[in-house]
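One letter stands for each residue in the lines below.
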Amino acid sequence: MLLGKIGKISSYTETVDIVFRHANKAAEEEREKVKGKLRIDKSRGIELTRIRTVTSELNRIADRIIKNFPSFDNLNMFYQEMLRLRFDTEQIKKSLGALQWMKETVARIEREVGRKIKDEKSFRDINPFRRQFYARVDSIVKKVASDFILLEKVRKYLRDMPVLKERMFTVSIVGFPNVGKTTLLSKLTGSTPEISPIPFTTQRLNLGYYKKLIQFVDTPGTLHHFEEMNEVEKLAYLAMKYVSHVIVYIYDATEPYPWTQQEALDTEIKKLNKPLIYFLSKDDLLSAEKIAELKKNIKGLIIGQEELIQKVEELERNI
Ligand SMILES: Nc1nc2c(ncn2[C@@H]2O[C@H](COP(=O)(O)OP(=O)(O)O)[C@@H](O)[C@H]2O)c(=O)[nH]1
Ligand SMILES: [Mg+2]
């Protein structure tokens, strides 16, 4: 879980409305309590309650956001990079800092105005202090209007993110399109892979779980140029780079893509320096001679999913 429990982050105008409404309600309750007191004491009590309520409500709103947002530097690189696909992460930090500034500034002004209200001798002069306070609070919250908007966008993005279990032993299934990656994932992890929706795209990142112990990630696309990948491909690539412990590279000798290209992609994948397992798909379509020849050429080539899962479990125990 990346985000703690934060509901929708309201806009500047909504926030000011909510806060002032709470303050007015608290002031009405206070009005009941101060009945029978001197006019100046009544006025002081009511207005102090009002400005304190504004401050505490803004505190509550800011803290709920600040405390529940993930701390980026502690996030797994997968999530850091994933956020960078959409957002300027430095700006997110600044926006969280802006909320901290907002709450501290309002608290300071509340102390300042509170002192004036306490010192004021004429009840007629108390209301203007409150009006001043409201105007200043409004302009402070307005200064962080764009921060509220950004943080709400980030919140929605994080809420809809695929829940990769970044601490689980993870295997990425990689290879050219149509070599049989998704089929293999389904066979290894049950017929319907657990599917996570990606916001704003129609495509999905396929995740599958073997005995609740091993997470498999299906990697769509050809993984050639990061900039040219669509968002799902990028996520799959980032999962392979930052979350996977092992990569299963699929060779398909029926050649939906030319063999030389499959070898070239293999060379690229090797650069990630992760334990690499070679798997031959569609062996049912190949002659025994062809399979023997491939086994000779590709060291450790695995044929059949039973042998594959054995190998993965062995690595899971040893890594
Ligand atoms: N005969 C045979 N066909 C397979 C095998 N694995 C996948 N296919 C077929 O190859 C095509 C592409 O498979 P798919 O899993 O979608 O490939 P992906 O694009 O790598 O995910 C589909 O028509 C599958 O039915 C296999 O082991 N044997
Ligand atoms: Mg597929």
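Definitions and limits used
Residues numbered from 1 in each chain as written. Chains lettered and ligands numbered in written order. Predicted model: local features only at pLDDT ≥ 70, side-chain atom pairs only at ≥ 80, totals over all residues. Helix = DSSP H or I, 4+ residues; strand = E, 2+ residues; numbered from the N terminus. Buried ≥ 20, exposed ≤ 12 C-beta atoms within 10 Å, placed from the backbone. Axes fitted to C-alpha atoms, helices over the stretch in contact; angles between N-to-C directions. Parallel < 35°, antiparallel > 145°, perpendicular 65-115°, else oblique. Contact = placed C-beta atoms within 7 Å. Nonpolar A, V, L, I, M, F, W, Y, C, P; charged D, E, K, R; others polar. Near = placed C-beta within 6 Å. Core = buried A, V, L, I, M, F, W, Y, C linked by C-beta atoms within 7 Å. Domains from an automatic or database assignment.

1. Some words on unusual backbone geometry
- Positive phi, normally seen in glycine, also occurs at Glu255, with a value near 55°.
- Within the secondary structure layout, Glu255 lies in the loop between β5 (246-252) and α9 (259-270).
- Residue Glu255 is classed as partly exposed on the basis of its 13 C-beta neighbours within 10 Å.
- Even without being glycine, Asn273 reaches a positive phi, approximately 55°.
- Exposure remark for Asn273: the 7 C-beta atoms within 10 Å place this residue in the exposed category.

2. Some details on the packing of helix α2 (residues 39-68) against helix α5 (residues 126-143)
- Where α2 contacts α5, the two axes come as close as 10 Å, and the packing angle between them is 5°. If you check the angle between α2 and α5, you find them roughly parallel. Residue-level contacts link Ser43, Arg44, Glu47, Arg50, Ile51 and Val54 of α2 to Ile126, Phe129, Arg130, Phe133 and Val137 of α5.
- Looking at the contact of α2 with α5, its residues break down into 6 nonpolar, 1 polar and 4 charged.

3. Brief notes about the site of ligand 1
- What surrounds ligand 1 is the set Gly175, Pro177, Asn178, Val179, Gly180, Lys181, Thr182, Thr183, Ser281, Lys282, Asp284 and Leu285.
- Among the elements that take part in the shell around ligand 1, helix α7 (residues 181-189) stands out by supplying 3 residues, more than any other.
- For the shell around ligand 1, a count of residues per class yields 3 nonpolar, 6 polar and 3 charged.

4. As for the environment of Ile298
- On the secondary structure map, Ile298 appears in the loop between α10 (288-297) and β7 (302-303).
- Ignoring sequence-local partners within four residues, the contact set of Ile298 consists of Tyr251 and Tyr278.

5. Considering the nonpolar core
- Counting residues in hydrophobic clusters, the biggest one holds 41 residues, and the most contacted among them are Ile173, Ala239, Val248, Ile250 and Phe279.
- Top element by residues in this core is helix α8 (residues 231-242). It accounts for 7 residues.
- The contact partners of Ile173, leaving out residues within four places of it in the chain, are Lys181, Leu184, Leu185, Phe216, Val217, Asp218, Thr219, Val248 and Ile250.
- Of all hydrophobic cores here, the second largest spans 27 residues; its members include Ile9, Leu99, Ile117 and Val141.

6. Overview of the domain arrangement of the chain
- Taken domain by domain, the chain holds domain 1 (12-159) and domain 2 (169-318).
- Relative placement of domain 1 and domain 2: their C-alpha centres are 51 Å apart.
- A per-element tally of the side of domain 1 that touches domain 2 places helix α3 (residues 77-86) first, with 5 residues.

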